Amino acid sequence: MKFRVRKQALSAGLFLTLLASVLLLQACMNTVNGEDEKDGDEAALAIPVEASKVTSGDMAAFYTGTATLEADEQAVVVSQITGVVLKINAEEADFVKAGQVLAVVETDRYALEVERTNATLKRLQTEFQRKKELFAKQLVSTEDFERVSADFEAQKAAWELAKLELAYTSIKAPISGFISERMVRVGNLVTLHQPVFNITSYDPLLAVLHVPERELRVLEKGLQVSMAVDAWPGESFSGEVIRISPVVDTNTGTFRVTTRIDDHGNMLKPGLFGRVEILYDLHENVPVIPRNAVITEDELSHVFVIDEEGNARRRAIQLGFENNGLVEVADGLAQGETVVTAGKGSLSDGTRVEVVGKNPDTGA
């Protein structure tokens, strides 16, 4: 009987020990599972974003427009006499200097005219000298002397005119530049004031912009200019503003800005189309962020800044100049802070984030 009671007591004790062990094991498992779920929940709440550091740099302000290059000097060379072209000394694309002979028109007839007028002039000069001596001795009338004097002066003018027309048989360049068009050939008959050549000066070349009147306050003579033309991809040509019209066109609301473009390597030609940038202001060593970090709502701008705990904090900022995908922060950020550049649409103030993709230190 005693053995049976002892056996029942032993069985009851073993059962309680096993039950306690099971409960303790279950408690441990619940604890472990609870921590894992908590960690998983926290990981699930961290929204992946891309970010970039606030850096410092120089930000420039430009006015950008398009224009066609024009020659500052152009001349239409015309014949100043009538005659047959005997010789052509310049062809299209040739560079000529002012005063250089471009073509020669028949000279014989004009040379003979010079000789004829000169012979008559010498005869009248002799007669004038004789009449002058007689007039001094009061041996000829005043009317006779004045007639001879007038004939002499008129013949002198005729001789000078004949020499001038002989000189005109050599058609000369009025300016230095390139022959852009030749309109005559050897053997052609040219008439008075007939165009025979076009000369275009490439130094300098001008780009004329028609700028909206709102830019009148920021543009001025002497500002630096750069131009890129479609004909030379990757090339940039510098220059400056040389003239600003004081009048605004009432029909278009624009004013003329004339810029001089400097060529290098004889690459530019009149008529080339390109994009012109006028640098009118420069802010040095200012906070700069990527433009895609900025959210603009109701004309107000803000960004999400990642704090030390990894939370995104919404912050209002003031923007400055913008250029090449970067924007100046005039107020609201300091150099070294980290801003969200991608994934902003899923964020609210205080959201926990995880930076992926781009390196926030470099933005790359």
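Quick caveat, the model's predicted, so the values are computed rather than measured.

A few words on the packing of aromatic side chains. According to the stated counting rule, one finds four aromatic pairs in the structure shown. Arranged with centres 5.2 Å apart and planes meeting at 10°, the rings of Phe128 and Phe152 form a pair that is stacked. Here the residue Phe128 occupies a position in helix α2 (residues 108-136), and Phe152 occupies one in helix α3 (residues 142-167), the gap between them amounting to 24 residues. Each member of the pair, Phe128 as well as Phe152, is classed as buried. Positioned over the ring face of Trp159 is Lys163, at 3.7 Å from the centre of the ring.

So, about the sheet that holds strand β6 (residues 170-172). One open sheet holds the four strands; their spatial order is β6-β5-β3-β8, and the pairing between them is antiparallel. Of all strands in the sheet, those with a lone pairing partner are β6 and β8 (189-190), marking the two edges. As judged from the three bridges shared by strand β3 (residues 83-88) and strand β5 (residues 101-105), these two strands associate in the antiparallel manner. Within β5, the residue paired with Val85 across the bridge is Val105.

In this model, the largest pocket occupies a volume close to 240 Å³. Of the residues forming the lining of the largest pocket, the biggest block, four residues, is contributed by strand β9 (residues 195-212). Considering only residue class, the lining of the largest pocket consists of eight nonpolar, one polar and four charged. The calculated volume of the second largest pocket comes to roughly 160 Å³. Taken together, Val76, Val77, Val78, Gln80, Ala167, Tyr168, Ser170, Ile171, Lys172 and Pro174 make up the full set of residues lining the second largest pocket.

Counting residues in each nonpolar core, the largest one holds 22 residues, and the members touching the most others are Leu209, Leu219, Val257, Ile261, Val276 and Ile278. Every element with two or more residues in this core is listed here: β2 (55-78), β9, β10 (224-229), β11 (237-244), β12 (254-261) and β13 (273-290). Per element, the largest residue contribution to this core is four residues, and it comes from β9. Among all residues touching Leu219, those that are not within four sequence positions of it are Tyr63, Val211, Ile244, Phe255, Val257, Ile278 and Tyr280.

Next up on the list: the pattern of salt bridges. All chains considered together, the criterion is met by 15 salt bridges. In this structure, the salt-bridge partner of Glu113 is Arg116, at a minimum N-O distance of 2.6 Å. Placement of the pair is Glu113 and Arg116 together in helix α2, with a separation of three residues, close to one helical turn. Judged by its relative accessible area of 47%, Arg116 is partly exposed. Ionic pairing is found between Arg315 and Glu337, a salt bridge with its closest N-O pair at 2.9 Å. Taken together, the residues Arg315 in strand β16 (residues 311-323) and Glu337 in the loop between β17 (326-331) and β18 (338-342) connect sequence positions 22 residues apart. The class for Glu337 is partly exposed, based on a relative accessible area of 22%. Beyond isolated ion pairs, a larger network of salt bridges with shared partners links Lys131, Asp144, Arg147 and Asp151.

The terminal C-alpha atoms of α2 lie 42 Å apart, and with 29 residues this matches the ideal 42 Å at 1.5 Å per residue to within 8%. For α2, the set of buried residues is Tyr110, Val114, Thr117, Thr120, Leu121, Leu124, Phe128 and Lys131. Of the surrounding elements, those touching the buried residues of α2 are α3. Immediately downstream of α2, the backbone of Gln138 shows phi near 60°, a positive value.

The next subject is unusual backbone geometry. Trans is the prevailing form of peptide bonds, just as negative phi is the prevailing case for residues other than glycine. Here the phi dihedral of Glu299 falls at roughly 65°; this positive angle occurs in a residue that is not glycine. Residue classification places Glu299 among the exposed residues on the basis of a relative accessible area of 78%. Located in the positive-phi region is Asn324, a residue other than glycine, with phi close to 55°. Residue placement: Asn324 occurs in the loop between β16 and β17. By relative accessible area, which is 72% here, Asn324 ends up exposed.

Rules used in this analysis
- Residues numbered from 1 in each chain as written.
- Predicted model: local features only at pLDDT ≥ 70, side-chain atom pairs only at ≥ 80, totals over all residues.
- Heavy atoms only, no water.
- Phe/Tyr/Trp six-rings, centres within 6.5 Å; stacked < 30°, edge-to-face > 60°.
- Helix = DSSP H or I, 4+ residues; strand = E, 2+ residues; numbered from the N terminus.
- Buried < 20%, exposed > 50% of the residue type's maximum accessible area, 1.4 Å probe, protein only.
- Lys NZ or Arg CZ within 6 Å of the ring centre and 35° of its normal.
- Pairing = 2+ DSSP bridges.
- 1 Å grid on protein atoms, 1.4 Å probe; cavity = no way out; pocket = protein on both sides within 12 Å on 5 of 7 lines; lining within 4 Å.
- Points joined across faces, edges and corners; volume = space filled by probe spheres on them.
- Nonpolar A, V, L, I, M, F, W, Y, C, P; charged D, E, K, R; others polar.
- Core = buried A, V, L, I, M, F, W, Y, C linked by side-chain atoms within 4.5 Å.
- Contact = heavy atoms within 4.5 Å.
- Salt bridge = Lys/Arg side-chain N within 4 Å of Asp/Glu carboxyl O.
- Expected span 1.5 Å × (residues − 1).

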